[in-house]
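What the coordinates show
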Amino acid sequence: MEKESKKDKEKEEKKKKKKWSLKTKFFIVFVLIVLLLVAGFVGLYLYSPIGKLTRPIFKNVPYPVAIVGNLNALITSSELISNVEAVRRFYESQDYSKIGLRVDFTTDDGKKRLKVKEKDIFDKLIEDKIVEMLANERGIIVSKADAQKAIDKKIAEVGDKKALELSLDSIYGWTIDEFRDKVVVYQLYFKGLFSWYALNIQDQKEYKKIVKAKQILKNDGSNFSEVVGEYSEGESVKSDGEMGWFKKEELIEEVSLVAFSMEKEEISKIIISPLGSHIIQLQDKRTSEIENGEKVEEIKVRQIFVEGTSFLEWLGQQKKKAKVIILMKDYSWDSAEGQVKFVDKNLERIEKKLRIQADGDPSL
């Protein structure tokens, strides 16, 4: 009996040792995996997931390159790389010979320009996430279905879905779904947030200023110049509010939508745009013929403009408050300016120089 009891105890001890051995092995494996992951993250941070060697891999692997606000708002290497490639494709597909320019990102100078463009795209991706979060906080939600409706509406206006598909593919290398998810969703978030802002600026002293201007302005616009002199701001003040002739796409969207629906000599309501508050008068209309024989409508307008805290300024203030963590050595987040900046001071100097020299250069 004693022998059997001894054997049972030995068996139990062996089982315990085996269990501990399995637990130890599992723990060691777990620690190794964690260390490898940490080493991988550190290595990629130091080298960059969008570097020349790693780019082909991390174009398809969604490695996080930035955290915006919280862990649910990530920007990945695949997002950044695909957007940079799309923008590069866009510029290289355009014919700028008419303005005496050629965009070539393969030269040393071109590579520097592309790096600056990459930084701008990275900053825009972060801004899109901030806009989405600000909108969500105010109860504004945009679904893929909403974005698809906006695209379908545009297709219905143009009447040619195939042309849109071919255009997106040849210019950006995108499908309609990619265009919807990368661009249209965030455009709708921006518009939704702007609409919220426009409804909540009535207490601004600047808004009250343009309301006063509207009250004083005569219906026939006979005192327009005087009101401009007393209330308006910006460059148009120098010319009594005269802005000249514009095509539809040359005016900011909010102003353009109103202006091109007005009759000659008509004065608009107060228009809120991302730049500030406007009152415009449609002075004249004409139809001009462009190079290919196509006719385009143009309008002549004058305006009273009050800047105040514009939507873009307000958004800039929100960007400065946002919590942004960048997981690449190339870039850092400048919370004082609310934007991405180069870590390399030499690249920063090159960027400043390129922007000073960028007069008329579409690639900057």
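Here, the structure is the one placed above.
In short, a report on the structure. Keep in mind it's a predicted model, so treat the numbers as computed, not measured.

1. Quick word on the sheet that holds strand β5 (residues 276-289)
The strands making up a sheet associate through backbone hydrogen bonding, with each pair oriented either parallel or antiparallel. With respect to topology, 4 strands assemble into an open sheet ordered β3-β6-β5-β4, the strand pairing being antiparallel. The open sheet has two edge strands, β3 (242-247) and β4 (271-273), and neither has a second partner. Across the sheet, the mean angle from the axis of one strand to that of its neighbour is 45°, orientation sign disregarded. Where β3 and strand β6 (residues 295-306) come together, 5 bridges link them in antiparallel fashion. Counterpart to Gly244 in the pairing with β6 is Val301.

2. Observations regarding the packing of aromatic side chains
As enumerated under the stated definition, the model contains 12 aromatic pairs in all. Following the ring pairs from residue to residue traces out a cluster consisting of Phe190, Phe194, Trp196, Tyr197, Phe311 and Trp314. Looking at Lys119, its charged tip hangs above the ring of Phe342, at a distance of 5.9 Å from the centre.

3. Topic: the packing of helix α3 (residues 77-93) against helix α6 (residues 161-171)
The N-to-C vectors of α3 and α6 enclose an angle of 95°; their axes lie 8 Å apart at closest approach. When the axes of α3 and α6 are compared, the pair comes out roughly perpendicular. Residues Ala86, Arg89, Phe90 and Ser93 of α3 pack against Asp169, Ser170 and Ile171 of α6. By residue class, the composition of the contact of α3 with α6 is 3 nonpolar, 2 polar and 2 charged.

4. Let's talk about unusual backbone geometry
Glycine aside, residues mostly have negative phi, and peptide bonds are mostly found in the trans state. Despite not being glycine, Asp240 shows a phi value in the positive range, around 60°. With respect to the element layout, Asp240 can be found in the loop between α9 (224-231) and β3. Asp240 gets classed as partly exposed once you look at its relative accessible area, which sits at 40%. Even without being glycine, Glu265 reaches a positive phi, approximately 75°. Note on placement: Glu265 falls in the loop between α10 (253-259) and β4.

Cut-offs used in this document
Residues numbered from 1 in each chain as written. Predicted model: local features only at pLDDT ≥ 70, side-chain atom pairs only at ≥ 80, totals over all residues. Heavy atoms only, no water. Pairing = 2+ DSSP bridges. Helix = DSSP H or I, 4+ residues; strand = E, 2+ residues; numbered from the N terminus. Axes fitted to C-alpha atoms, helices over the stretch in contact; angles between N-to-C directions. Phe/Tyr/Trp six-rings, centres within 6.5 Å; stacked < 30°, edge-to-face > 60°. Lys NZ or Arg CZ within 6 Å of the ring centre and 35° of its normal. Parallel < 35°, antiparallel > 145°, perpendicular 65-115°, else oblique. Contact = heavy atoms within 4.5 Å. Nonpolar A, V, L, I, M, F, W, Y, C, P; charged D, E, K, R; others polar. Buried < 20%, exposed > 50% of the residue type's maximum accessible area, 1.4 Å probe, protein only.

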